[in-house]
Amino acid sequence: MARHLRSLAMLAALTALPLTASNAPAESLDLTRATCADFMTMSGEDQDQLSLWLAGYFAGGAQRPLIDTEKVTAAPAALRTLCGKSPELPLVGAETRAVIMPPPAP
């Protein structure tokens, strides 16, 4: 139970990051064209935020109302590993989806 609460606390912290970000001008990123190379140039905080966004995006696209908090918490590191090996991969693609979302239940 404590582990679950820690995961939820981490998820809540990740969602709060945009509220505590610096006053730097907002940048936009076209995720239909973004690649792992783009992800690798981001700060760690931005990677965390984008990983959380991707988790919601993929879950919404699959119409899956449950989020695997352990996968979401581990997603930034997993994406760094994947993107380090294959910088040409699209951020919105099957490979990145597999890192963030568990396979569908049978």
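Residues numbered from 1 in each chain as written. Predicted model: local features only at pLDDT ≥ 70, side-chain atom pairs only at ≥ 80, totals over all residues. Heavy atoms only, no water.

1. A look at the side chain of threonine 96
Stated precisely, the cut-off is as follows: In DSSP terms, a helix is any run of H or I states spanning at least four residues, a strand is any run of E spanning at least two, and both are numbered starting from the N terminus. We call a residue buried when its accessible area falls under 20% of the maximum for its residue type, exposed when it is over 50%, and partly exposed in between, using a 1.4 Å probe and counting protein chains only. Definition of a polar contact: a pair of N or O atoms within 3.5 Å, with one able to donate and the other able to accept a hydrogen when the atoms are protein atoms, and with sequence-neighbouring residues admitted only if both atoms are side-chain atoms.
Mapped onto the secondary structure, threonine 96 falls in helix H5 (residues 94-100). With a relative accessible area of 0%, threonine 96 lands in the buried category. Within the local environment of threonine 96, its side chain forms a polar contact with the backbone oxygen of leucine 91, the two atoms lying 2.5 Å apart.

2. Side note on the state of the cysteines
As a reminder of what qualifies: By disulfide we mean two sulfur atoms from cysteines, separated by a distance within 2.5 Å.
All told, the structure shown has 1 disulfide when counted by the stated rule. The side chain of cysteine 36 participates in a disulfide bridge whose partner is cysteine 83; the two sulfur atoms lie 2.2 Å from each other. Sign of the S-S torsion, about -50 degrees for the bond between cysteine 36 and cysteine 83, identifies this disulfide as left-handed. Taken together, the residues span a long stretch of sequence, with cysteine 36 in helix H2 (residues 36-40) and cysteine 83 in helix H4 (residues 69-85) at a distance of 47 residues. The same class applies to cysteine 36 as to cysteine 83, namely buried.

3. Structural notes on the packing of helix H3 (residues 44-61) against H4
Helix packing geometry: the angle between the two helix axes and the distance between the axes. Under the convention used in this document: In this analysis an axis means a line fitted to C-alpha atoms, helices contributing only their contacting stretch, and an angle means the value between N-to-C directions, from 0 to 180 degrees. Working rule for angles: under 35 degrees goes down as roughly parallel, over 145 as roughly antiparallel, 65 to 115 as roughly perpendicular, anything else as oblique. Take the far helix as your reference; a near helix turned counterclockwise from it by less than a right angle gives a left-handed crossing, and one turned clockwise gives a right-handed crossing. Contacts are residue-level and defined by heavy atoms, with any inter-residue pair within 4.5 Å sufficient.
Between H3 and H4, whose axes approach to 9 Å, the crossing angle comes to 115 degrees. By the angle between their directions, the pair H3 and H4 is classed as roughly perpendicular. Judged by the twist between their axes, the crossing of H3 over H4 is right-handed. Between H3, through Gln47, Asp48, Ser51, Leu52, Leu54 and Ala55, and H4, the contact on the second element is made entirely by Val72, Ala75, Pro76, Leu79 and Arg80.

4. Re the environment of threonine 81
Tracing the sequence through the fold places threonine 81 in helix H4. Separated by 18 residues in sequence, threonine 81 and valine 99 have C-alpha atoms that sit 10.0 Å apart.

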